[in-house]
Structure formats: structure tokens, C-alpha cells
Amino acid sequence: MTVDGVGLRIHPEVIEALESDTPVVALESTIISHGLPRPDNLRVAREIEQTVRDHGGVPATIAVIEGKPCVGLSDEELRLIAESDDVVKLGVRDLGVAAAKGLHGATTVAATASLAAQADIDVFATGGLGGVHRHARDSWDESADLTALSRIPMAVVCAGVKSILDVPATLERLETLNVPVFGYRTTQFPGFYLADSGHALEWSFDFAEEIADAVLQHWQLAWPAVSSGVLIANPIPVEDQLDPVLHDRILNEALAAADKEGIAGKDVTPFLLEFFHRETGGESLRANVLLVKRNAELATRIAAEIIDAAPNQ
Ligand code: PSU
Ligand code: MN
């Protein structure tokens, strides 16, 4: 049912899609294991995959199974990532350790983009990107998602970054790292649960075709000086966003709780996400599911346009 590549297992459906110019969209697995609450996470993971299929694409959810980086998972593997307590969160630097120790692992945006690029996938859909944490001046806590995107030519569709982060600092770092940020039908950087983070973007596009064109031109013109990714920011519609008053209250409580409990390192993001899901009584989950599916749809359309513009490149 699956094929072994060099160090990577690529699902035959994904190989076939890549060979036949069918849009392939990479999906991360940390959102399943550490970003969404059980038991909804498995259902949501399946729905995200189905969204890609509904728009004519093939999903490639990426994770590490018994030490093997896998691009495209069986339903049984998706269930393992969603339900097992033995799934560790893996950044790029953890991939070698996980392989050597034969661990099961869920990949962050950084690790997913890295493995997707090795499989020749160009487009990746997620919910929120990691970024610069608040008080990073003291903690030095900046997600490796940012440096990964500075080196991996991947078009990443997200709904911004969560307000648990320092949003303007994250945007500044993306500039330094040569990662362009495009707003899809918005001139404002989205705030994940909220349509608008309050920070303006320089570039906005209204059509997937234009985004694909700009992405391909970026990869042509920036190379070989840089081979960076592109961030496409797709806001949740205002009518579907989390109530801003509820959002601000929970955010302050979450940050205070993390501080009080001394949460540090890779545990910070999962802690804050879980706090939100628990304390908003399902509202944050509703918004999260909606925005990830919208991102999966847009990513599939961009992947199709990239193929139209540069078939079998
Ligand atoms: N932000 C979200 N949901 C998530 C994550 C971030 O809104 O699930 C996950 C992603 O996998 C992201 C990772 O790559 O957290 C970033 O973790 P860290 O801050 O430890 O780099
Ligand atoms: Mn961190």
C-alpha cells in the first residue's frame, strides 16, 4: 500500500497525484495531536483531508510513524496521531532523533514543510503558524517555523498567527527572513480567531491564480540568493470570528496561567491552545475548524494554479 523512498515514505496516492499533475496539499499533524482537543481532533483531521479532495486535490498529511517520516497517512495512522499518548511534537531538529529511536511523532509547520519539500510538494495548508512569543526578549522563544520558512520554498496558507504570540514582532521577523506575506482578499494580517489582527499587510491578492503567479515569480527571482517560503494569510470571515470580548478575556487568562505554571519551550504553544479550547466552551474549536478547512480549500486552488502555470516543473 505504501512505497519507501529514500528516508521518506510517500503514499502511493500522493506519488500518483504528483506524477499526474493533480494538486497535492501538505497538511501538518501537530495541529491534530497537540493543537485540537480530543475526541474532535480525529474527525477534524479527516474533514480537512476531505476538503482537499472535494476541491480536486490529494491531501498529504505528514507525520512520523515508528521513526519513518510519512507523506500521506492511512486512516489508521491518522487515528494513531490523534489518539495515542505516545506521539511527540517534532520540529525539524527532532526528526533525526525520532527516526533513530523509532518514535511516533507529529510534525510542526517547520518539520511538515521540510518533509513536504523533500517530496516535491509546493503547497501546504495549516491553521496558525508559530511565531515570536510575547516577552521573547527575555525568553528567546521564537518558533522554528519562521526560520524554516526562510529556507524552504513552500507556499503556506494560514489564518495568521494566534494572538497568544507577539504579532507585530512575528511580522517583522518574516520580513527579515525574506518571507513575503500575501493577504487573500484582505489588506490586514488576520488574527487567527479574529479576521483582523490590527496589523496591515503590504500585499493583497483577490484570486488564487494571481497568488500562484506571485509565488512562482518569487521562487524564480529570489533564487539563488534565498529560497524562502511564502505565507498566504486567509482570514476567517468577520461573521464567523470568535467574539472579540471573549477572545481578549481568554487570551489574558491563558497568558497569566502559562506564566504562573512556568510553562516553557515546546510546551508553551500546546498549553495555550488547550487553554483556549477548554475555556471558550467549543467556540474556539468551531472557529478553528472552519478556518483550517477554508485554508485547505484555498491551498488546493493555489496548487492547481501552480500546476496550470508550470506543469510538471
Ligand atoms: N498555532 C496554532 N495551532 C497549532 C500550532 C500553532 O494556532 O497547532 C502548532 C503548529 O504545528 C506550529 C507549532 O508549527 O504549533 C509551533 O510550535 P512552537 O511555537 O513550539 O514552534
Ligand atoms: Mn517555542
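As a starting point, this report considers the structure included with it. Quantities reported herein were computed from a predicted structural model and do not represent experimental measurements.

### Considering the overall build of the chain
Broken down by element type, the chain carries 13 helices and 14 strands. Taken over C-alpha atoms, the radius of gyration comes to 18 Å for the chain, in line with the 20 Å a tight globule of 313 residues would show. The burial tally for the chain puts 57% of its 313 residues in the buried class. Considering only contacts in the chain between residues 6 or more positions apart, those separated by 24 or more positions represent 74%. Counting every atom, the chain has about 13,900 Å² of accessible surface; 50% of that belongs to carbon and sulfur. Across the chain, the centroid of the 24 positively charged side chains sits 6 Å from that of the 47 negatively charged ones.

### Observations regarding the pattern of salt bridges
The full count for this structure, using the stated rule, is 16 salt bridges. Across the pair Arg9 and Glu77 runs a salt bridge, and its minimum N-O distance is 2.8 Å. Of the two residues, Arg9 is situated in strand β2 (residues 9-10) and Glu77 in helix α4 (residues 75-83); the sequence distance between them amounts to 68 residues. The same class applies to Arg9 and to Glu77, which are both buried. Between Arg93 and Asp94 there is a salt bridge whose closest N-O contact spans 4.0 Å. By relative accessible area, Arg93 is classed as exposed at 76%.

### Considerations on the packing of helix α11 (residues 244-260) against helix α12 (residues 268-279)
At a closest axis distance of 9 Å, the pairing of α11 and α12 adopts a crossing angle of 135 degrees. Regarding the angle of α11 to α12, the classification is oblique. Regarding α11 and α12, the two cross each other, and that crossing is right-handed. On the side of α11, the interface is formed by His247, Ile250, Leu251, Glu253, Ala254, Leu255, Ala257 and Ala258, while α12 contributes Phe271, Leu272, Phe275, Phe276 and Glu279. For the contact of α11 with α12, the residue count by class is 10 nonpolar, 1 polar and 2 charged.

### Description of the environment of Leu194
Turning to its location among the elements, Leu194 is positioned in strand β12 (residues 194-200). When its relative accessible area of 13% is taken as the criterion, Leu194 is described as buried. Separated by 76 residues in the primary sequence, Leu194 and Gln118 have C-alpha atoms spaced 33 Å apart. Discounting chain neighbours no more than four positions away, the residues touching Leu194 are Ile236, Gln241, Leu242, Pro244 and His247.

Cut-offs used in this document
Residues numbered from 1 in each chain as written. Chains lettered and ligands numbered in written order. Predicted model: local features only at pLDDT ≥ 70, side-chain atom pairs only at ≥ 80, totals over all residues. Heavy atoms only, no water. Helix = DSSP H or I, 4+ residues; strand = E, 2+ residues; numbered from the N terminus. Rg over C-alpha atoms; globule rule 2.2 N^0.38 Å. Buried < 20%, exposed > 50% of the residue type's maximum accessible area, 1.4 Å probe, protein only. Contact = heavy atoms within 4.5 Å. Areas by Shrake-Rupley, 256 points an atom, 1.4 Å probe, with all protein chains shown as cover. Lys, Arg positive; Asp, Glu negative; His and termini not counted. Charge placed at Lys NZ, Arg CZ, Asp CG, Glu CD. Salt bridge = Lys/Arg side-chain N within 4 Å of Asp/Glu carboxyl O. Axes fitted to C-alpha atoms, helices over the stretch in contact; angles between N-to-C directions. Parallel < 35°, antiparallel > 145°, perpendicular 65-115°, else oblique. Left-handed = near helix turned anticlockwise from the far one by under 90°. Nonpolar A, V, L, I, M, F, W, Y, C, P; charged D, E, K, R; others polar.

These results come straight from atomic positions and should not be treated as a statement about function.
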